[in-house]
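Survey of secondary and tertiary structure
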Amino acid sequence: MNLLSLYLNRTLTNAAIEYSLDIRMSRGIENGYYGHNDTLHVVLSPFGVLTLIAEEKKMILDALSMLGISLQDKEDLITQDYPLHIDPSLSEAFEVTNEAIYLREISTLNLNVIALAVSQSVGLEKYEKRFDSLFAQSRRIVESIHTYSFTRRSRLMQFAKRLALTRHDMVSNLLLLDKPNILWDNEEAEALYNRLAFILELYDRHETALSKLAQIKEDVMLVMDIINHKKSEFLEWIIIILIAVEIVMGVMEMMKEL
């Protein structure tokens, strides 16, 4: 079997999937949805990642075509594939390696758990690329700190807002801080998810992303402090100049009286 997860560059609704693939979608893990027929298993995550599982790659490509999704511009897409093998002779319920996933038997829950872990990996890659862009931008801001003026403070505030919203989206959408509730009720599904999370380095990558985010935040705070300091100095000089002008005008008035 073959699995393909890809981050969607456009909104894809359950209704569109049901209409295009003739598959009924049902509520899955957390806020995700899934559906399947005799040849295809589909999982749509709440953070915009679509996962397709089928016996043949052609079935996946045909499904994408019916959904209006093309892999021709693969460089612009965030995708991840993972071979699945069914081996009834396995002594354990599953075996996961870097190369493939082996299951003793197929179940809807197992496929949904696998789709969740791989889609989280794809979602993380999306945020990793976004943080790389933000990190590069924050470096440019720090490098130009000597020319940064308080008149550009609004741009910096917009950057800080974008940073906060990105962090909020990543933490709330990817479900990496807390395991999905369904995993607490099924030890086998929980073990499968934990193994996949380890192989895909979900938690390590998540921590790295948060560390990079913290560094960007420190850079923004540093520049904000410098801008505020410059603003305070500017206001102090204005006060000094106003006092000096008032003194000069007072002296001039005294000289006129003389």
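Higher on the page you've got the structure.
The following refers to the structure shown.

**Notes on the pairing of strand β5 (residues 49–54)**
The buried fraction of β5 is high, at 6 of 6 residues. Side chains Val49, Thr51 and Ile53 of β5 all project onto a buried face; the interleaved residues Leu50, Leu52 and Ala54 project onto the opposite face, where all are buried too. Here 6 bridges tie strand β1 (residues 2–7) to β5, and the two strands are oriented antiparallel to one another. Considered in β5, the bridge of Asn2 is made with Ala54. Direction of pairing for strand β4 (residues 40–44) relative to β5: antiparallel, over a ladder of 5 bridges. Bridge assignment links Leu44 to a residue of β5, and that residue is Leu50. Between the end of β4 and the start of β5, which pair antiparallel, lie 4 residues, with Gly48 showing a positive phi angle near 80°.

**With respect to the layout of surface pockets**
Estimates place the volume of the largest pocket at around 220 Å³. Taken together, 13 residues make up the lining of the largest pocket; nearest its centre are Asn2, Leu3, Leu4, Lys57 and Asp81. Those elements that place two or more of their residues in the lining of the largest pocket are β1, α2 (57–66) and β6 (79–86). In terms of residue count, the dominant contributor to the lining of the largest pocket is β6 (5 residues).

**Focus: the packing of aromatic side chains**
Across all of its chains, the model carries 0 aromatic pairs by this definition. When the ring centre of Tyr127 is taken as origin, the NZ or CZ atom of Lys126, which lies over that ring, is 4.2 Å away.

**Describing unusual backbone geometry**
Residue Asp22 is not a glycine yet carries a positive backbone phi of 55°. Relative to the helices and strands, Asp22 resides in the loop between α1 (14–21) and β2 (26–27). For Asp22, a relative accessible area of 69% corresponds to the exposed category. The phi angle at Glu201 is positive, at roughly 55°, despite the residue not being glycine. The residue Glu201 is located in the loop between α6 (187–199) and α7 (202–257) in this model.

Calculation notes
- Residues numbered from 1 in each chain as written.
- Predicted model: local features only at pLDDT ≥ 70, side-chain atom pairs only at ≥ 80, totals over all residues.
- Heavy atoms only, no water.
- Buried < 20%, exposed > 50% of the residue type's maximum accessible area, 1.4 Å probe, protein only.
- Helix = DSSP H or I, 4+ residues; strand = E, 2+ residues; numbered from the N terminus.
- Pairing = 2+ DSSP bridges.
- 1 Å grid on protein atoms, 1.4 Å probe; cavity = no way out; pocket = protein on both sides within 12 Å on 5 of 7 lines; lining within 4 Å.
- Points joined across faces, edges and corners; volume = space filled by probe spheres on them.
- Phe/Tyr/Trp six-rings, centres within 6.5 Å; stacked < 30°, edge-to-face > 60°.
- Lys NZ or Arg CZ within 6 Å of the ring centre and 35° of its normal.

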